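# Examining the three-dimensional arrangement
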Amino acid sequence: MDGHHDFIIMIDALRHDYLTPEVTPYLYNLKLQGVHATVTETYAFQTRPAFFAGLEPDESQICTLYEYNVQDSPFAFLRPFEPFLSVIDSLSLDKYLRGVIRRMAKRQAKKLGHHAAADVMGTEQIPLSLLSFFALSEKVYTDDNDAFAPHVTFFDLLREKRKSWAWIGYPRHFGSSESILSAYYEAEPADVVYLHFSELDWIGHRFGPDSKERREALLKIDQAVKSLLVPSLKAGKRAVIFGDHGMVNVEYELDLKKILKKLPLRTPDDYLSFLDSTQARFWFFTPEAEQTVRAALMALDGGHILEDSERKKLHVDFKHRRYGDLVFALDGPGIIHPSYFSKGGPAPKGMHGYLPHIEDNKTQVLAVGEGIESQERGLIEMVQIYELLKESLLTR
Ligand SMILES: [Zn+2]
């Protein structure tokens, strides 16, 4: 791609305090020149509906990566094999099958028309015998026509204005900052270019937010962003740059798997659980199972059950069961380990997806370019990034 365009740059896990003169000289300087704010993440792991359509999870119906969805599960073909898969799980032989299952589920998702889910299809560390209860929650591309109708996405508005865009990043592209840059140079020219740099996220998980590795990764992204933006900004274009969440230094571990295993209940007959890193979700099939699990969770330190009023306030009070009959959320900077995303071995050193009072879960946004004046907007909600995108890129 050549020529000049407006940019939307998403730097995954760009914590609220990451831009400094030492680590990110270019972005730090841009921040001083433009509109900037600290951003509270929606209480969801999937945040594209928030920043691209201004939607809270209870409006977009997209929250965590996986939802309970027996009917639309791309893993439904595994159902007849559940007894066999339980044995495989219990012997820890699952890793030999995960590749095959992933490929078959990918084909299945495509058949169902769930193209975004097909692109990112995996099995994480979900027990194989439970996969057929779950589906990926984000099924279509955020920039598909009317992706969240009747709500209007930023891309629906671009379409209306007959502006073209290039989407470079998750779920269509994966990989290092270099590979995102090369995808950019190969893409067709567009009025607006959206780039998603994901490297900082996985480096933050692995090495922790305060590590040297994290700072080095961010410096590389700073240089990459500079190489992209300088010519376009000089030519009078604009850019909005933000993260989808922060990165929290993990301070304690909770082995929920071990606690649940001791309960006199059977899964999936009595109940089902999904262990996300910072929350656990439960579905109950008998009243006794609910009582037993509730009592076990209430006895734990480090987390609490979200009651209805809190779920409402967090916008995760759904009218369906897809995100859990009950949600257990960590109170502080801990991690549920092992989880359906991390098996054995050491726990990740950094994590996100915490309740909004956890400061380092916050990210930041900045908007720069011709006609945008320096302004500090304090603390905003993630859904307001959508407003900032419209204000910065659609009003000219
Ligand atoms: Zn992450």
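Residues numbered from 1 in each chain as written. Predicted model: local features only at pLDDT ≥ 70, side-chain atom pairs only at ≥ 80, totals over all residues. Heavy atoms only, no water.

### Here we look at the pairing of strand 1 (residues 6-11)
With six of six residues buried, strand 1 lies mostly within the body of the structure. What you see with strand 1 is no split at all: Asp6, Ile8 and Met10 on one side and Phe7, Ile9 and Ile11 on the other are buried throughout. Two strands pair when backbone bridges link them, and strand 1 and strand 6 (residues 192-197) are joined in this way by six bridges, in the parallel orientation. The residue bridging Met10 from the neighbouring strand is His196, located in strand 6. Summarising the sheet, strand 1 and strand 7 (residues 238-242) pair through four bridges and their orientation is parallel. Bridge pairing in strand 7 links Met10 to Phe242. (Buried < 20%, exposed > 50% of the residue type's maximum accessible area, 1.4 Å probe, protein only. Helix = DSSP H or I, 4+ residues; strand = E, 2+ residues; numbered from the N terminus. Pairing = 2+ DSSP bridges.)

### What to know about the sheet that holds strand 16 (residues 363-369)
Read from one edge to the other, the open sheet built from seven strands follows the order 5-6-1-7-16-2-17, with strand pairing classed as mixed. Both outer strands of the open sheet, strand 5 (165-168) and strand 17 (375-381), are each paired with one neighbouring strand and no more. In this sheet, neighbouring strand axes are inclined to one another by 15° on average, regardless of whether the strands run parallel or antiparallel. Those strands touched by helix 14 (residues 384-393) are strand 1, strand 2 (35-40), strand 7, strand 16 and strand 17, and its axis lies near 165° from that of strand 7. (Axes fitted to C-alpha atoms, helices over the stretch in contact; angles between N-to-C directions. Contact = heavy atoms within 4.5 Å.)

### Examining a positive patch on the surface
A cluster of basic residues, Arg102, Arg103, Arg107 and Lys111, forms a positive patch on the protein surface. As for its position among the elements, Arg103 is in helix 5 (residues 95-111). (Patch = residues over 30% accessible without salt bridge, like charges linked within 9 Å, V, L, I, M, F, W, Y side chains within 5 Å. Areas by Shrake-Rupley, 256 points an atom, 1.4 Å probe, with all protein chains shown as cover. Salt bridge = Lys/Arg side-chain N within 4 Å of Asp/Glu carboxyl O. Lys, Arg positive; Asp, Glu negative; His and termini not counted. Charge placed at Lys NZ, Arg CZ, Asp CG, Glu CD.)

### Concerning the coordination of the zinc ion
At this site the zinc ion is bound by Asp201 (OD), Asp201 (OD), His205 (NE2) and His352 (NE2), with donor distances of 2.1 to 2.4 Å. In the primary sequence, the donor residues of the zinc ion line up as D-x3-H-x146-H. Of this pair, Asp201 and His205 both sit in helix 9 (residues 199-207), four residues apart, which is roughly one turn of the helix. Taking relative accessible area as the criterion, His205 reaches 16% and is therefore assigned buried. (Donors = N, O, S within 2.8 Å, 3.2 Å for Na, K, Ca; no water.)

### Here we look at the environment of Phe148
Residue placement: Phe148 occurs in the loop between strand 4 (134-136) and helix 7 (154-160). In this structure Phe148 comes out as buried when scored by relative accessible area, which is 10%. It is 6.6 Å that separates the C-alpha atoms of Phe148 and Ser60, two residues lying 88 residues apart in sequence. Residues contacting Phe148, with those up to four places away along its chain left out, are Pro49, Ala53, Leu55, Ser60, Ile62, Thr142 and Thr153.

### Let's talk about the packing of aromatic side chains
Counted according to the given criterion, the structure contains 23 aromatic pairs. Where Phe7 meets Tyr184, the ring centres are 6.0 Å apart and the plane angle is 45°; that geometry is what we call tilted. Residue Phe7 is found in strand 1, and its partner Tyr184 is found in helix 8 (residues 177-186); the two are separated by 177 residues along the sequence. Residue class for Phe7 comes out buried when judged on its relative accessible area of 1%. The buried category is assigned to Tyr184, whose relative accessible area is 5%. Judged by centre distance (6.5 Å) and plane angle (45°), the ring pair of Tyr68 and Phe285 falls under tilted. Separated by 217 residues along the polypeptide, Tyr68 in strand 3 (residues 66-68) and Phe285 in the loop between strand 11 (279-284) and helix 12 (287-298) bring together distant segments of the chain. (Phe/Tyr/Trp six-rings, centres within 6.5 Å; stacked < 30°, edge-to-face > 60°.)

### Side note on the sheet that holds strand 10 (residues 271-275)
If you trace the four strands from one edge of the open sheet to the other, you get 10-11-13-12, paired in antiparallel fashion. Bordering the open sheet on either side are strand 10 and strand 12 (303-305), each of which pairs with just one other strand. On average, each strand axis in the sheet is inclined to that of its neighbour by 15°, with strand direction left out of account. Pairing geometry for strand 10 and strand 11, over five bridges, is antiparallel. Directly across from Tyr271, in strand 11, lies its bridge partner Phe284. Sitting on the sheet, helix 12 is in contact with strand 10, strand 11, strand 12 and strand 13 (326-330), with an inclination near 160° to strand 11.

### Section: the domain arrangement of the chain
On domain assignment, one finds that the chain holds domain 1 (6-59 + 140-249 + 357-393) and domain 2 (251-347). Domain 1 and domain 2 are separated by 31 Å when their C-alpha centres are compared. Carbon and sulfur atoms make up 60% of the surface buried where domain 1 meets domain 2, a total of about 990 Å² over both sides. Of all residues in domain 1, Tyr43, Phe45 and Asp58 bury the most surface against domain 2, accounting for 59% of the area lost on that side. At the junction of domain 1 with domain 2, the criterion picks out zero salt bridges. Residue assignment for the side of domain 1 that touches domain 2 shows that the elements contributing at least two residues are helix 3 (57-60) and strand 8 (248-249). When its residues are assigned to classes, the side of domain 1 that touches domain 2 shows five nonpolar, two polar and two charged. (Domains from an automatic or database assignment. Buried area = accessible area lost by both parts, 1.4 Å probe. Nonpolar A, V, L, I, M, F, W, Y, C, P; charged D, E, K, R; others polar.)

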